[in-house]
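These are the residues of each chain, in order.
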Amino acid sequence: MFIWSRIILGHGIVYAIVSGAALLGELGHPKERAFLGSMFNAFFGIGSVLGAGIVVRTLLIPNDWSWRLPSMLQAVPSVIQIAFAYTVPESPRWLVSKDRSEEALEILIKYHAEGDASNELPHIEIAEIRKALEIENESRSRGWTELFQTKGMRHRSLVAAALGLFVQYSGNNLISQYLVPILVKIGITDPHMQVRYNVGTEAWGFVVAIIMAAITPRYPRRRMYLLCSSCLVAVYTAWTIAQARNRITGSQETGYVVLVFIFLYKPAYCIAYNALTYVYMVEIFPYYVRTKGLSWFQLWGRSAVMLGSFVNPIGLEDLDWKYLIIYVVWLCFEVVFIYFLFPETYGKTLEELTFLFESEKDARDVLAATAAKVVQAPTVTDVHEVGDKKA
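Residues numbered from 1 in each chain as written. Predicted model: local features only at pLDDT ≥ 70, side-chain atom pairs only at ≥ 80, totals over all residues. Heavy atoms only, no water.

**Student:** Could you clarify how one ought to interpret the environment of threonine 254 in this entry?
**Tutor:** For threonine 254, the location among the structural elements is in helix α13 (residues 252-274). The exposure class of threonine 254 is buried, given its relative accessible area of 16%. A sequence separation of eleven residues divides threonine 254 from glutamine 243, and the C-alpha atoms of the two residues are 7.0 Å apart. Apart from the residues lying within four places of it in its own chain, the contact partners of threonine 254 are Ala242, Arg245, Asn246 and Thr249. (Helix = DSSP H or I, 4+ residues; strand = E, 2+ residues; numbered from the N terminus. Buried < 20%, exposed > 50% of the residue type's maximum accessible area, 1.4 Å probe, protein only. Contact = heavy atoms within 4.5 Å.)

Written as structure tokens, this is what we have:
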């Protein structure tokens with residue numbers, strides 16, 4: 001029963017992640033969209049810290065409630081989410097796709113113009129959304145084949161699949177799920193001390209994630225991903241060397257060096273894989289296939305987690321520190337892949353990113369002409385008349 005409940009929980013969280021990331025990206029003001037997407041992933045740390053902290057106390061319960069209680073408490077966030085779900089506004093792009101442009105414009109005016117109907121930004125956005133959806137619908141197929149319909153979409157799908165693997169199989173699950181076996185190998189065998197180290201890594205990760213989420217969206221995405229993966233190569237290489245020396249010499253000092261690099265892993269990972277992942281996924285996929293793209297990304301990410309759950313314990317047990325070399329090699333591959341295949345999305349609106357690749361240049365020019373037409377002739381939206389342009 002416990003196993004089935006975990007399967008249901010793992011199945012349900014994907015719906016929350018996919019819809020939440022897409023909705024935040026589509027509702028957010030263009031200047032705040034990247035920040036909101038980064039914080040969406042960073043606040044995962046609240047659950048991690050609470051989960052690890054609760055176990056510190058429940059570990060002392062001398063019966064089955066030591067594991068039942070923390071499992072039951074996991075329902076609290078879901079109850080809160082259900083209670084407040086109906087207060088969340090709908091996506092303007094979804095409303096336009098359902099011929100409810102008036103409602104979409106009202107939401108854009110409320111959240112992007114502070115209720116000022118004379119502000120030109122929401123009118124430009126509604127015109128871009130309409131034109132982007134019109135162009136998309138002219139050539140799109142229906143169903144999951146949309147992910148592979150054109151050269152540009154195949155490129156997007158390749159990047160999403162790779163990022164799903166990179167986010168979940170860059171050594172992070174080795175720390176989050178198998179920290180205890182690693183601590184045992186470096187000489188830390190006391191269960192209470194192990195739990196405290198687990199709380200410490202999660203709390204440190206949360207602090208770092210918040211800081212990185214506030215900083216890295218200000219910089220080009222591809223550059224941040226390259227910096228992130230390069231830092232991970234450096235950290236994992238040093239960690240591998242330290243753990244090898246610890247296993248060879250058995251010294252306590254090298255064990256503490258391993259802990260240092262485990263803690264240094266968090267900021268390296270959060271530079272992009274935590275701070276930018278959902279921002280980037282929302283940006284590279286057009287509206288009509290955005291949730292499918294996020295689901296595709298999740299499929300590869302969850303597959304990587306499943307692979308790691310089977311492979312990591314065997315690798316740690318049989319290969320010991322040598323198993324870390326596999327991650328070093330994989331991280332080097334990530335750097336090369338990102339350098340050659342990750343497109344830059346920084347500084348563009350979601351509608352402009354609908355036609356990101358060179359093969360989509362003609363549609364991109366049409367969209368730009370539509371936005372320019374709104375600025376020159378404010379009544380083009382046929383929804384609200386825009387007043388005089390503000391200084």
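**Student:** How do you make sense of the state of the cysteines when you look at a structure like this?
**Tutor:** Note on terminology: disulfide describes a covalent bond linking the sulfur atoms of two cysteines. In total, this model carries zero disulfides according to the counting rule given. Cysteine 228 supplies the cysteine sulfur nearest to cysteine 270, a cysteine that is in no disulfide, at a spacing of 8.3 Å. Using a relative accessible area of 4% as the deciding quantity, one classes cysteine 270 as buried. (Disulfide = S-S within 2.5 Å.)

**Student:** When you look at the pattern of salt bridges in this model, what are you seeing that I'm missing?
**Tutor:** Between side chains of opposite charge, pairing is possible as soon as their charged atoms come close. Overall, the coordinates contain eight salt bridges when judged by the stated rule. Measuring nitrogen to oxygen at the nearest pair gives 2.8 Å for the salt bridge that ties arginine 290 to glutamate 26. Pair noted here: arginine 290 is in helix α15 (residues 290-319) and glutamate 26 is in helix α1 (residues 2-27), with a separation of 264 residues, a long-range link. The shortest N-O distance in the salt bridge between aspartate 320 and lysine 185 comes to 3.7 Å. Taken as a pair, aspartate 320 in the loop between α15 and α16 (323-341) and lysine 185 in helix α10 (residues 172-185) lie far apart in primary sequence, 135 residues in all. Assigned by exposure class, aspartate 320 and lysine 185 land together as buried. (Salt bridge = Lys/Arg side-chain N within 4 Å of Asp/Glu carboxyl O.)

**Student:** Looking at this model, I keep getting lost on the packing of helix α9 (residues 151-168) against α16. Mind explaining?
**Tutor:** Pairs of packed helices are described in terms of their axes, by the angle between the two and the distance that separates them. Close contact between α9 and α16 brings their axes to 11 Å; oriented N to C, the two are set at 155 degrees. In terms of orientation, α9 and α16 fall into the roughly antiparallel class. Every pair of crossing elements has a handedness; the one defined by α9 and α16 is left-handed. When α9 is examined against α16, the residues His155, Leu158, Val159, Ala162, Leu165 and Phe166 are found in contact with a partner set consisting of Trp330, Phe333, Glu334, Phe337, Ile338 and Leu341. In the contact of α9 with α16, the residues fall into ten nonpolar, one polar and one charged. (Axes fitted to C-alpha atoms, helices over the stretch in contact; angles between N-to-C directions. Parallel < 35°, antiparallel > 145°, perpendicular 65-115°, else oblique. Left-handed = near helix turned anticlockwise from the far one by under 90°. Nonpolar A, V, L, I, M, F, W, Y, C, P; charged D, E, K, R; others polar.)

**Student:** Sorry, what's going on with a nonpolar patch on the surface here?
**Tutor:** A cluster of nonpolar side chains, Trp65, Leu69, Met72, Leu73, Val76, Ile80 and Phe84, forms an exposed patch at the surface whose accessible area comes to about 650 Å². Top element by residues in the nonpolar patch is helix α4 (residues 65-73). It accounts for four residues. (Patch = residues over 30% accessible without salt bridge, like charges linked within 9 Å, V, L, I, M, F, W, Y side chains within 5 Å. Areas by Shrake-Rupley, 256 points an atom, 1.4 Å probe, with all protein chains shown as cover.)

**Student:** Any chance you could explain the packing of α4 against helix α5 (residues 75-84) here in plain terms?
**Tutor:** Here α4 crosses α5 at 15 degrees, and the two axes come no closer than 5 Å. Taken as axis vectors, α4 and α5 run roughly parallel relative to one another. Here α4 contributes Ser71, Met72 and Leu73 to the contact with α5, which in turn contributes Ala75, Val76 and Pro77. Within the contact of α4 with α5, the residues separate by chemical class into five nonpolar, one polar and no charged.

**Student:** Would you explain the packing of aromatic side chains in this entry?
**Tutor:** Aromatic rings considered in pairs are described by the distance between their centres and by the relative angle of their planes. Applying the stated rule across the entire model yields 23 aromatic pairs. Here tyrosine 225 and phenylalanine 342 contribute two aromatic rings whose centre-to-centre distance is 5.3 Å and whose plane-to-plane angle is 75 degrees, an arrangement assigned as edge-to-face. With tyrosine 225 in helix α12 (residues 221-249) and phenylalanine 342 in the loop between α16 and α17 (350-353), the pair connects residues that are 117 residues apart, well separated along the chain. The exposure class of tyrosine 225 is buried, given its relative accessible area of 0%. Of the residues examined, phenylalanine 342 reaches a relative accessible area of 3% and is grouped as buried. Measuring from ring centre to ring centre gives 5.6 Å for tyrosine 236 and tyrosine 327, while their planes differ by 35 degrees; the resulting arrangement is tilted. Note that tyrosine 236 is positioned in helix α12 and tyrosine 327 in helix α16, a separation of 91 residues in sequence. Taken as a pair, tyrosine 236 and tyrosine 327 share a single burial class, namely buried. Over the face of the ring belonging to tyrosine 339 we find arginine 222, whose NZ or CZ atom lies 5.0 Å from the ring centre. (Phe/Tyr/Trp six-rings, centres within 6.5 Å; stacked < 30°, edge-to-face > 60°. Lys NZ or Arg CZ within 6 Å of the ring centre and 35° of its normal.)

**Student:** It is not clear to me how the nonpolar core should be interpreted in this structure. Could you clarify?
**Tutor:** General note: in soluble globular proteins, nonpolar side chains tend to be found buried as a group. Core analysis: the largest hydrophobic core is formed by 83 residues, its most contacted members being Trp239 and Tyr273. Sequence-distant contacts of tyrosine 273, defined by excluding residues within four places in its chain, comprise Asn41, Leu163, Phe166, Val167, Ser170, Tyr225, Cys228, Ser229, Leu232, Glu334 and Ile338. (Core = buried A, V, L, I, M, F, W, Y, C linked by side-chain atoms within 4.5 Å.)

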